Amino acid sequence: MPPWFRDSSLHFAVGIEDTFVPQEGVGRRKLDEYELTQHYHQWKHDLSLAADAGADMIRWGIPWYLIEPSPGKFNWEWTDRVVEHLGNIGLRCIVDLMHYGTPLWLDNQFLNHRYPEAVAAYAQAVAERYRGALDSWTPLNEPIINAVYCGEQGTWPPYLRGDDGFVKIITQLAKGMVLTQRRIAAAQPEATFVHVDAGFRWTGQWPAGELEHLEERRFLGLDLIMGRVGADHPMREHLTAHGVTEAELAWFTDNSVTPDVIGVNYYPAFTTSRRDAATGLLQPQEAGTEGLVDLLHTYADRYDQPLFVTETSRGGPVEERLDWLERSVATVHRLRAEGMPLVGYTWFPFFALVDWLYRESTESMDHYLVQMGLYDLERDAGSVLQRRPTVLVDRFRALAKATQA
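Residues numbered from 1 in each chain as written. Predicted model: local features only at pLDDT ≥ 70, side-chain atom pairs only at ≥ 80, totals over all residues. Heavy atoms only, no water.

Visitor: Would you take a moment to explain the overall build of the protein for this structure?
Guide: Scanning the protein from terminus to terminus reveals 14 helices and 17 strands. For 405 residues, the compact-globule estimate of 2.2 N^0.38 gives 22 Å, and the C-alpha radius of gyration of the protein, at 20 Å, lies within 12% of that figure. Counting only C-alpha atoms, the protein reaches 55 × 55 × 50 Å along its principal axes. Relative to its full complement of 405 residues, the protein shows a buried share of 57%. Taking the intrachain contacts of the protein between residues at least 6 apart in sequence as the baseline, contacts between residues at least 24 apart amount to 74%. For the protein, the computed accessible surface area is about 16,100 Å², with 50% contributed by carbon and sulfur atoms. Between the mean site of the 37 positive side-chain charges and the mean site of the 56 negative ones, the protein shows a separation of 2 Å. (Helix = DSSP H or I, 4+ residues; strand = E, 2+ residues; numbered from the N terminus. Rg over C-alpha atoms; globule rule 2.2 N^0.38 Å. Buried < 20%, exposed > 50% of the residue type's maximum accessible area, 1.4 Å probe, protein only. Contact = heavy atoms within 4.5 Å. Areas by Shrake-Rupley, 256 points an atom, 1.4 Å probe, with all protein chains shown as cover. Lys, Arg positive; Asp, Glu negative; His and termini not counted. Charge placed at Lys NZ, Arg CZ, Asp CG, Glu CD.)

Visitor: Quick question: what am I supposed to make of the pairing of strand β11 (residues 282-285) here?
Guide: Consecutive side chains of a regular strand alternate in pointing toward one face of the sheet and then the other. Relative to β11, strand β10 (residues 272-275) runs antiparallel, the two being bridged by four bridges. Across the sheet, Ser273 pairs through a bridge with Pro284, a residue of β11. Between β10 and the antiparallel strand that follows it, β11, lie six residues; Gly280 among them carries a positive phi value of about 80°. (Pairing = 2+ DSSP bridges.)

Visitor: Mind showing me how you'd approach the sheet that holds strand β7 (residues 192-198) here?
Guide: Neighbouring strands of a sheet are bound in pairs by backbone hydrogen bonds; such pairs are parallel or else antiparallel. Spatially, β1-β4-β5-β6-β7-β9-β12-β13 is the arrangement adopted by the eight strands of the closed barrel, whose pairing is parallel. Shown here is a sheet whose adjacent strand axes are inclined to one another by a mean of 25°, direction ignored. In the packing of helix α14 (residues 391-404) onto the sheet, the strands contacted are β1 (11-15) and β13 (342-347), and the crossing angle to β1 comes to about 150°. (Axes fitted to C-alpha atoms, helices over the stretch in contact; angles between N-to-C directions.)

Visitor: Is there a simple way to think about helix α8 (residues 210-217) in this case?
Guide: One turn of an α-helix holds 3.6 residues; hence residues three or four places apart share an orientation. For α8, the set of buried residues is Leu211, Leu214 and Arg217. Relative to the axis of α8, the buried residues are bounded by an arc of 130° and lie together on one face. (Arc of directions from axis to C-beta.)

Visitor: Got a minute to help me understand the environment of Asp276 in this structure?
Guide: Turning to its location among the elements, Asp276 is positioned in the loop between β10 and β11. By relative accessible area, Asp276 is classed as partly exposed at 35%. Counting along the chain gives 163 residues from Asp276 to His113, while the straight-line C-alpha distance between them is 39 Å.

Visitor: Got a minute to help me understand the sheet that holds strand β8 (residues 201-204) in this structure?
Guide: Strand order in the open sheet made by the three strands is β8-β10-β11, with mixed pairing throughout. Unpaired on one side and paired on the other, β8 and β11 mark the two borders of the sheet. Ignoring strand direction, the axes of neighbouring strands in this sheet form an average angle of 35°.

Visitor: Just to check I follow, could you spell out the nonpolar core for this structure?
Guide: In terms of nonpolar packing, the biggest core is built from 121 residues, with Ile58, Trp60, Trp137, Phe350 and Phe396 touching the most fellow members. Among the elements that take part in this core, helix α7 (residues 162-187) stands out by supplying 10 residues, more than any other. In this structure, Ile58 is in contact with Ala13, Val14, Ile16, Leu47, Ala50, Leu86, Leu91, Arg92, Cys93 and Ile94, ignoring residues within four places of it in sequence. Counting residues in each nonpolar core, the second largest holds 10 residues, with Met57, Val196, Val261 and Val343 among its members. (Core = buried A, V, L, I, M, F, W, Y, C linked by side-chain atoms within 4.5 Å.)

Visitor: Help me out: how do you make sense of the packing of helix α5 (residues 115-129) against α7 in this one?
Guide: The angle between the axes and the distance between the axes are what describe a pair of packed helices. One can describe the packing of α5 onto α7 by two numbers: an axis separation of 8 Å at closest approach and a directional angle of 30°. Taken together, α5 and α7 sit at an angle that is classed as roughly parallel. Handedness of the α5/α7 crossing: right-handed. Taken together, the residues of α7 that come into contact with α5 (itself represented by Tyr115, Pro116, Glu117, Val119, Ala120, Ala121, Ala123, Gln124, Ala127 and Glu128) are Gln172, Leu173, Lys175, Gly176, Leu179, Thr180, Arg183, Ile184 and Ala187. Of the residues assigned to the contact of α5 with α7, the class counts are 11 nonpolar, four polar and four charged. (Parallel < 35°, antiparallel > 145°, perpendicular 65-115°, else oblique. Left-handed = near helix turned anticlockwise from the far one by under 90°. Nonpolar A, V, L, I, M, F, W, Y, C, P; charged D, E, K, R; others polar.)

Visitor: Looking at this model, I keep getting lost on the pattern of salt bridges. Mind explaining?
Guide: Pairing is possible between side chains that carry opposite charge, provided their charged atoms lie close to one another. Inspection of the entire model under this criterion finds 27 salt bridges. Among the ionic pairs, Asp135 bridges to Arg92, the shortest N-O distance being 2.8 Å. Separated by 43 residues along the polypeptide, Asp135 in the loop between α5 and β6 (136-138) and Arg92 in strand β5 (residues 92-96) bring together distant segments of the chain. On the basis of relative accessibility, which here comes to 24%, the residue Asp135 falls in the partly exposed class. (Salt bridge = Lys/Arg side-chain N within 4 Å of Asp/Glu carboxyl O.)

Visitor: Quick question: what am I supposed to make of the pairing of β1 here?
Guide: Burial within β1 is extensive, with five of its five residues counted as buried. Residues of β1 alternate between two faces, with His11, Ala13 and Gly15 on one and Phe12 and Val14 on the opposite face, all of them buried. Taken together, the four bridges between β1 and β13 define a ladder with parallel strand orientation. Paired with His11 across the strands is Gly344, a residue of β13. Pairing geometry for β1 and strand β4 (residues 57-61), over three bridges, is parallel. If you follow Gly15 over to β4, its bridge partner there is Arg59.

Visitor: Would you explain the packing of helix α13 (residues 318-337) against α14 in this entry?
Guide: Interhelical geometry of α13 versus α14 gives an angle of 10° and a closest axis separation of 10 Å. One element, α13, and the other, α14, form an angle in the roughly parallel class. Counted together, Val318, Arg321, Leu322, Leu325, Glu326, Val329 and His333 of α13 and Val391, Leu392, Arg395, Phe396, Leu399 and Thr403 of α14 form the full contact between these two elements. A class-by-class count of the residues in the contact of α13 with α14 yields eight nonpolar, two polar and three charged.

Visitor: Would you mind showing me how to read the side chain of Glu142 here?
Guide: Of note, Glu142 is situated in the loop between β6 and α6 (143-152). Of the side chains with opposite charge, Arg59 lies nearest to the buried Glu142, which makes no salt bridge, at 6.4 Å. In this structure, Glu142 is in contact with Tyr100, Val196, Asp197, Ala198, Asn265 and Glu311, ignoring residues within four places of it in sequence.

Structure representation (structure tokens):
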């Protein structure tokens, strides 16, 4: 029997927003989306709703900082119950092992020299415990976003800035991804790996060379782990100029791993940015299905691997969300009919999320609640965030069912 990504089906998935940045400081609050959206308390209901909505897969993450509260000491009580329920309802999980934040005991976070080994040891422990129940893995979600927030913009720990910071972080992340895949594959030879990154697109007028630099840089996470940064790679000189040694690049070549599936995250209202020629500032630009088609063709041409739309949705009124569901699914079907190896579609998030700006604010969580899901979140008089179905639930279910007929 072929693995799920080669069964010729289009798999319909949903995802629970699972960003974890637990480090706190002056002017910076802990960001744990499960805590903020009450998923820790309503997880069983949430997962059951996902299955009821017609999804046969779910992107769901493990909060590393809670599961391994001290080095090598694991608390499996909660994840044991979650994994058992996933099996009971027949929902295949693509596990997000790393969705941004590191444990509190790992000083300097991604810069810590032990990070690649630490994240791989954690991943191995998870894979060994849940062999037979979980077999599809994302070693690290969106390495490029991670490198931008942690290494270039100084927004998240370890708060580095500039090109030098970006290179330091992306190199550490890539080492961790390689070791994670290798350790899981040793523990689970049957494992499937879905490497997920954020899609980026740019328009507008750019100084010579800047746009080309960004368009190559967005692939660095995948190119490094796949051993593709050879002598003629356009980013090799940039990496070495910022401290990556020839020995390190040779290590990636010698230890390369290949994803079974490449996940592409695309949001029609902010994946594409336009540069203002006068100010040099970037502004999100609506790109619709044209941007989705362009991005998927870009990844298909570059990597020649099965593709999965691992995140897409839009915020705003239900009518606009429904329109995007219809048009994006139709686009995926058309691309499949044209021969593109698209194996999955994910509405992400399944219910509302809390904007990451919450972390740097003193406003209430509700101020940052962004309704993007099939379900809306609505706080009742008892302060419980109720999951309120929208018309998207029935339509998503019908679209998923139509692919299984």
